[in-house]
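A structural walkthrough
Residues per chain are reported as follows:
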Amino acid sequence: MNLQDYKGVFVFVQQVDGKVTNVSYELIGKAKELAADLGTEVTAVLLGHQVDGLCKPLAEYGADRIIKIDDKLLETYMTEPYAYCMAETIKKYKPEAVLVGATAIGRDVGPRISARVHTGLTADCTGLAVDPESGNLQMTRPAFGGNIMATIICPEHRPQMATVRPGVMKKLPREEGRTCPVEEFVPADLDQHINVEILEVVKTAAAKMDIQDAKILVSGGRGMCSAENFHLLQELADVLGGTVSCSRAAVDAGWAEKDMQVGQTGKTVRPNLYIACGISGAIQHLAGMEDSDVIVAINKDETAPIFEVADYGIVGDALQIVPLLTEALKREIV
Ligand code: FAD
């Protein structure tokens, strides 16, 4: 393999129902930074059907070029045709790095792409940088249960592939009116790569806001003591116009749903305000929320590690303080 033949940073654009997922814009933002260090450009690879309308926002969020693979067979995500199209794109265009969002789709397709093009993939990266000497991508991720951060390189194969969890990187400010070239590519014999027929797509109704989209999170941990006490958090969240999230201990105890979990094995969040109630601040929890703009911690143990990252700390019983806070805010806000 001649490494010099590989140029450019590619981002796999995840779209669902004609809407680009936020992580794709976040990765374009990060890819711009890497591409500047490498002296190259960012290409967004967009797969789907009738996705022309998505090219505009991709360009406005920083893509320098879009490779569009538009086919009826790609209308709904399926592992085999998507993996095939991405692998063919890599074989044809030879990028030096490919970034994929670590969503359910990205985690499914990413490793399959890397296996097909015989390269490595670093999953769940929290940091990406370019080594100024070798030009290799330095892919950093937590290892050994989050106790160390491992920086991984892929020096002998191309492309260098990484998945990155949503919310970890920042998207660039949208530059209205920015455009970029769009190139169409149709891999040969795509119809030979359909091995599943989708009969029906059944969606679960999402009544709650995704915690990754929430500007204000009221988060509960083991210190909330029971599922019933999570109502106290909901009442506070309602007054603030926020959403309830939680630690893994709360999920393990059956008090909250898994999709509300913040942290290394949950979601990474970056709200304007994060209120941690009865959460100790284990490293795996902090990994998912420490970049929040303002952190308020309520904990009865003044030595709890959560206070090290908190902007404001209240030492005391969350079961008493949360309702008092709710009442006080109701008076302020009404
Ligand atoms: P605890 O650590 O038990 O803390 C409870 C806190 O509540 C204590 O600080 C206590 O002082 C306080 N408290 C008790 N009663 C009250 C009260 N009445 N009022 C006020 N404060 C009170 N954890 C995550 O959260 N997210 C993850 O994604 C995650 N991933 C993990 C991945 C791995 C590989 C591993 C090994 C662990 C992971 N964990 C994760 C678990 C993590 O290590 C902690 O066990 C977990 O975060 C603890 O949750 P907690 O803070 O709610 O509970």
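Structure first, text after, so check above.
Residues numbered from 1 in each chain as written. Predicted model: local features only at pLDDT ≥ 70, side-chain atom pairs only at ≥ 80, totals over all residues. Heavy atoms only, no water.

The next subject is the site of the ligand. Residues in contact with the ligand amount to 25 residues; listed here are only the nearest, Arg222, Ser247, Thr265, Ser280 and Gln284. Gly266 places a main-chain nitrogen or oxygen 3.2 Å from an oxygen atom of the ligand. Between an oxygen atom of the ligand and a side-chain N or O atom of Asn299, the distance comes to 2.8 Å. For the ligand, the protein covers 78% of the area, taking 980 Å² as the surface of the free molecule. Of all the secondary structure elements, the ones that give two or more residues to the shell around the ligand are α6 (248-252) and α7 (283-286). In terms of residue class, the shell around the ligand is made up of five nonpolar, 15 polar and five charged. (Near = heavy atom within 4 Å. Polar contact = N/O pair within 3.5 Å; in protein donor to acceptor, adjacent residues only side chain to side chain. Areas by Shrake-Rupley, 256 points an atom, 1.4 Å probe, with all protein chains shown as cover. Helix = DSSP H or I, 4+ residues; strand = E, 2+ residues; numbered from the N terminus. Nonpolar A, V, L, I, M, F, W, Y, C, P; charged D, E, K, R; others polar.)

A few words on the pattern of salt bridges. Scanning the entire structure with this criterion turns up 16 salt bridges. The partner of Glu75 in a salt bridge is Lys72, and the shortest N-O contact between them spans 2.5 Å. A relative accessible area of 53% places Lys72 in the exposed class. Of the charged contacts in the structure, one is a salt bridge between Glu80 and Arg116, with a shortest N-O distance of 2.8 Å. Linking Glu80 in helix α3 (residues 79-93) with Arg116 in helix α4 (residues 104-116), this pair joins segments that are 36 residues apart in sequence. Taken together, the shared-partner salt bridges connect Lys32, Asp64 and Arg178 into one network. (Salt bridge = Lys/Arg side-chain N within 4 Å of Asp/Glu carboxyl O. Buried < 20%, exposed > 50% of the residue type's maximum accessible area, 1.4 Å probe, protein only.)

A few words on the sheet that holds strand β15 (residues 273-277). Reading across from one edge, β14-β13-β15-β16-β17 is the order of the five strands in this open sheet, with parallel pairing throughout. Sheet topology places β14 (243-246) and β17 (312-315) at the edges, where each strand pairs with a single neighbour. This sheet shows a mean twist of 20° between the axes of neighbouring strands, independent of strand direction. In the sheet, strand β13 (residues 216-220) pairs with β14 via four bridges, with the strands oriented parallel. Looking at β14, one finds that Ser219 is bridged to Ser245. Contacts from helix α5 (residues 230-240) reach β13, β14 and β15 within the one sheet, and its direction differs from that of β13 by about 170°. (Pairing = 2+ DSSP bridges. Axes fitted to C-alpha atoms, helices over the stretch in contact; angles between N-to-C directions. Contact = heavy atoms within 4.5 Å.)

On to the sheet that holds strand β8 (residues 127-130). Taken in spatial order, the three strands line up as β8-β9-β10 in an open sheet, and their pairing is antiparallel. At either end of the open sheet lies a strand with only one pairing partner, and these are β8 and β10 (148-152). On average, adjacent strands in this sheet sit at an angle of 25° to one another, irrespective of strand direction. Bridge analysis of β8 against strand β9 (residues 137-143) gives four bridges, and the strand direction is antiparallel. Across the sheet, the residue bridging to Gly127 is Thr140, located in β9. Helix α1 (residues 22-38) rests against β8 and β9 of the sheet, and its axis sits at about 20° to β8.

This structure, assessed with the given rule, holds zero disulfides. Of all cysteine sulfurs in the structure, the one in Cys180 sits closest to Cys55, which takes part in no disulfide; the separation is 7.4 Å. For Cys154, which is in no disulfide, the shortest distance to another cysteine sulfur is to Cys125 and amounts to 11 Å. Residue Cys154 is classed as buried on the basis of its relative accessible area of 10%. (Disulfide = S-S within 2.5 Å.)

What follows is about α5. Among the residues of α5, Phe230, Leu232, Leu233, Leu236, Ala237 and Val239 are the ones counted as buried. Positive phi shows up at Gly241, right after α5, with a value of about 70°.

Within the largest apolar cluster, 35 residues are counted, with the highest numbers of intra-cluster contacts made by Leu46, Leu58, Ile66, Leu99 and Leu128. When contributions to this core are tallied by element, the ones reaching two or more residues are β1 (9-13), α1, β4 (42-48), α2 (55-60), β6 (97-101), β8, β9 and β11 (160-164). With seven residues, the single largest contributor to this core is α1. Ignoring anything within four residues of it in the chain, the contact list for Ile66 reads Ala44, Leu46, Cys55, Leu58, Ala59, Cys180, Pro181, Val182 and Glu183. Phe12, Ile67, Tyr84 and Val117 belong to the second-largest nonpolar core, a separate cluster that totals 24 residues. (Core = buried A, V, L, I, M, F, W, Y, C linked by side-chain atoms within 4.5 Å.)

Time to look at the pairing of strand β5 (residues 65-70). Strand direction decides the pairing type here: β4 and β5, joined by six bridges, are parallel. Residue Ala44 lies in a different strand from β5, and its bridge partner there is Ile66. Between the parallel pair β4 and β5, the chain is carried across by α2, and the sense of this crossover is right-handed. When β5 meets strand β12 (residues 182-184), the two strands line up parallel, connected through three bridges. Its bridge partner lying in β12, Ile66 is registered against Val182. (Right-handed = clockwise from strand over helix to strand, strands pointing away.)

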